[in-house]
Amino acid sequence: MHPKLLQRFTAIEAERKALLAELVHLQEDILNYSPPGKWSVNQILMHLMTSERMSLIYMKKKSLGINDVGDSGVIESLKLLTLRVSQRLPFRFKAPQALVENTPEPLPLPQLMKKWDSARSNVYSFLETIQDQHIHKKIYKHPVVGRLDVMQAMVFFNEHIHHHWPQVKNLLKN
């Protein structure tokens with residue numbers, strides 16, 4: 001795996017593990033509590049996992065024709081910067097309909113963690129298949145900013161967790 005890609009994957013894994021470490025000792029009724037019109041902690045976790053799972057499906061499909069895909073450049077770097085800033089702001093964004101429709105019901109945390117471990121293992125295995133000369137190919141598609149490369153996808157995965165972490169912390173204060 002390209003060293004920079006491994007570094008990005010390691011960062012998203014550290015972020016995920018830190019989030020889960022804060023939750024593992026909590027009872028399921030706390031993790032499944034959702035105020036009216038808001039997601040529970042377990043729903044947020046399912047959303048994050050499903051987002052990554054669906055992204056991986058898309059990247060695998062696009063990588064089949066990777067030689068026909070363009071490289072990311074300045075425009076994609078600006079898109080990623082905009083995306084990163086948006087994820088750091090305290091604004092709520094409506095999840096894409098396709099993601100909502102494909103997000104399963106929340107699982108008990110131990111099962112959810114096991115499933116997310118497996119999903120992350122699949123991401124890692126996929127990243128190992130990306131040849132160094134292809135790390136800047138636009139094989140990822142974000143629902144708002146559009147096509148990005150796999151390195152930028154890993155940045156988004158990290159930012160996505162970072163974006164939802166305050167939401168989780170607010171739910172745990174209740």
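Just so it is clear, the structure is predicted and the values come from calculations on it, not from any experiment.

Novice: Would you mind showing me how to read the overall build of the chain here?
Specialist: Along the chain, the regular secondary structure elements total seven helices and two strands. N-terminal to C-terminal, the α/β element order of the chain is α-α-α-α-α-α-β-β-α. For 174 residues, the compact-globule estimate of 2.2 N^0.38 gives 16 Å, and the chain sits close to it at 16 Å. Seen along its three principal axes, the alpha-carbon backbone of the chain occupies a region of about 50 × 30 × 25 Å. Restricting the contact set of the chain to residue pairs at least 6 apart, pairs at least 24 apart contribute 81%. A total of about 9700 Å² of accessible surface is found on the chain, and carbon and sulfur atoms cover 56% of it. Computed over 23 positive and 16 negative side-chain charges, the separation of the two mean positions in the chain equals 4 Å.

Novice: Which parts of the structure should I look at to understand the side chain of Glu-159?
Specialist: Among the structural elements, Glu-159 can be located in helix 7 (residues 150-173). Not counting the four nearest positions on each side in its chain, Glu-159 is found in contact with Arg-84, Gln-87 and Arg-88.

Novice: Help me understand the confidence of the model for the chain, please; the structure alone is not making it clear to me.
Specialist: Close inspection of predicted coordinates is inappropriate in any region flagged by low pLDDT. In this model, the chain carries an average pLDDT of 91, and 95% of its residues clear a pLDDT of 70 or more. Between the elements of the chain, mean pLDDT differs from a low of 68, seen in helix 5 (residues 97-102), to a high of 96, seen in helix 6 (residues 109-129).

Novice: Explain the pattern of salt bridges here, please?
Specialist: Between side chains of opposite charge, a pair can form as their charged atoms come close. Counted by the stated rule, this structure contains eight salt bridges. Here Arg-16 ties to Glu-13 by a salt bridge, and the two come within 2.7 Å at their closest N and O atoms. Taken together, the residues span about one helical turn, with Arg-16 and Glu-13 both in helix 1 (residues 3-23) at a distance of three residues. Judged by relative accessible area, Arg-16 falls into the buried class, the value being 2%.

Cut-offs used in this document
- Residues numbered from 1 in each chain as written.
- Predicted model: local features only at pLDDT ≥ 70, side-chain atom pairs only at ≥ 80, totals over all residues.
- Heavy atoms only, no water.
- Helix = DSSP H or I, 4+ residues; strand = E, 2+ residues; numbered from the N terminus.
- Rg over C-alpha atoms; globule rule 2.2 N^0.38 Å.
- Contact = heavy atoms within 4.5 Å.
- Areas by Shrake-Rupley, 256 points an atom, 1.4 Å probe, with all protein chains shown as cover.
- Lys, Arg positive; Asp, Glu negative; His and termini not counted.
- Charge placed at Lys NZ, Arg CZ, Asp CG, Glu CD.
- pLDDT = per-residue confidence, 0-100.
- Salt bridge = Lys/Arg side-chain N within 4 Å of Asp/Glu carboxyl O.
- Buried < 20%, exposed > 50% of the residue type's maximum accessible area, 1.4 Å probe, protein only.

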